Amino acid sequence: MKPIIVQELKSPGCQICAKFEDFWKNKIAGQFPNAELKTIDVTTPEGQELTQKFMIFASPGLIINEELFSTGGFDEEKFIDKVKTLGE
């Protein structure tokens, strides 16, 4: 299995970010042990750099293996499909 790095750029108080983190905990973490989640606050220097690099204007910004997956929301099925594909 190939390693998968998911970066979540979140903003304080973001409800969709909290929903993504629950989704990760309940549907991704156990099923895909090769996937790692890094949560980055957009107010930090690292967060600011990534939001500019990937043109993220809404939280959460999801970057999978250095490729922008989505901003401002996420599709659970598409996310799972992407992780499955990258892990093969």
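Everything discussed here concerns the structure shown above.
Below is a short write-up of the structure. Because the structure is a prediction, the values reported are computed rather than measured.

### So, the overall build of the chain
Secondary structure assignment for the chain yields three helices and four strands. The secondary structure elements of the chain, listed N-terminal to C-terminal, are β-α-β-α-β-β-α. Considered along the principal axes of its C-alpha atoms, the chain spans approximately 30 × 25 × 20 Å. In the chain, which comprises 88 residues, the share counted as buried stands at 39%. Residue pairs at least 24 apart in sequence account for 61% of intrachain contacts in the chain once pairs closer than 6 positions are excluded.

### Comments concerning the environment of Trp-24
Checked against the element boundaries, Trp-24 lands in helix H1 (residues 15–28). When the C-alpha atoms of Trp-24 and Ile-63 are compared, they prove to be 14 Å apart, with 39 residues separating the residues in sequence. In contact with Trp-24, not counting residues within four places along its chain, are Val-6, Ala-29, Ala-35, Glu-36, Leu-37 and Phe-79.

### What to know about unusual backbone geometry
Omega for the peptide link from Ser-59 to Pro-60 comes to -5°, which places this bond in the cis form. Summarising the element assignment, Pro-60 is placed in the loop between helix H2 (45–54) and strand E3 (61–64). Even without glycine at this site, Asn-65 takes up a positive phi of about 50°. With respect to the secondary-structure elements, Asn-65 resides in the loop between E3 and strand E4 (67–71). In this structure Asn-65 comes out as partly exposed when scored by relative accessible area, which is 33%. Of note in this structure, Glu-66 is not a glycine but carries a positive phi near 65°. On the secondary structure map, Glu-66 appears in the loop between E3 and E4. For Glu-66, a relative accessible area of 47% puts it in the partly exposed group.

### Points about the packing of aromatic side chains
Counted under the stated rule, the structure contains eight aromatic pairs. Seen from their ring centres, Phe-20 and Phe-23 are 6.0 Å apart, and the 50° between their planes marks the pair as tilted. Taken together, the residues Phe-20 and Phe-23, both in helix H1 and three residues apart, mark about one turn of the helix. Both residues of the pair, Phe-20 and Phe-23, belong to the buried class. Here the aromatic rings of Phe-20 and Phe-79 are separated by 5.4 Å at their centres, their planes lie at 75°, and the arrangement is edge-to-face. Of this pair, Phe-20 sits in helix H1 while Phe-79 sits in helix H3 (residues 76–87), and the two are 59 residues apart along the sequence. The residues Phe-20 and Phe-79 share a single accessibility class, namely buried. The rings of Phe-20, Phe-23, Trp-24, Phe-69, Phe-74 and Phe-79 are connected pair by pair, giving a single aromatic cluster.

The rules behind each value
- Every residue gets a number counted from 1 within its own chain, in the order that chain's sequence is written.
- In keeping with the predicted nature of the model, local features appear solely for residues at pLDDT of at least 70, side-chain atom pairs appear and are counted solely at 80 or more, and the whole-chain, interface and lining totals rest on all residues.
- Processing note: side-chain calculations cover all non-hydrogen atoms of the structure and skip hydrogens and water entirely.
- Each helix is a run of H or I in the DSSP string that is no shorter than four residues. Each strand is a run of E no shorter than two, and both are numbered from the N terminus.
- Per-residue accessibility, obtained with a 1.4 Å probe over protein chains only, is compared with the maximum for each type, and a residue is labelled buried under 20%, exposed over 50%, and partly exposed between these values.
- Any two residues whose heavy atoms approach within 4.5 Å are treated as being in contact.
- We call Phe, Tyr and Trp rings a pair once their centres come within 6.5 Å, taking the six-membered ring for Trp, and we label the pair stacked below 30 degrees between planes, edge-to-face above 60, and tilted otherwise.

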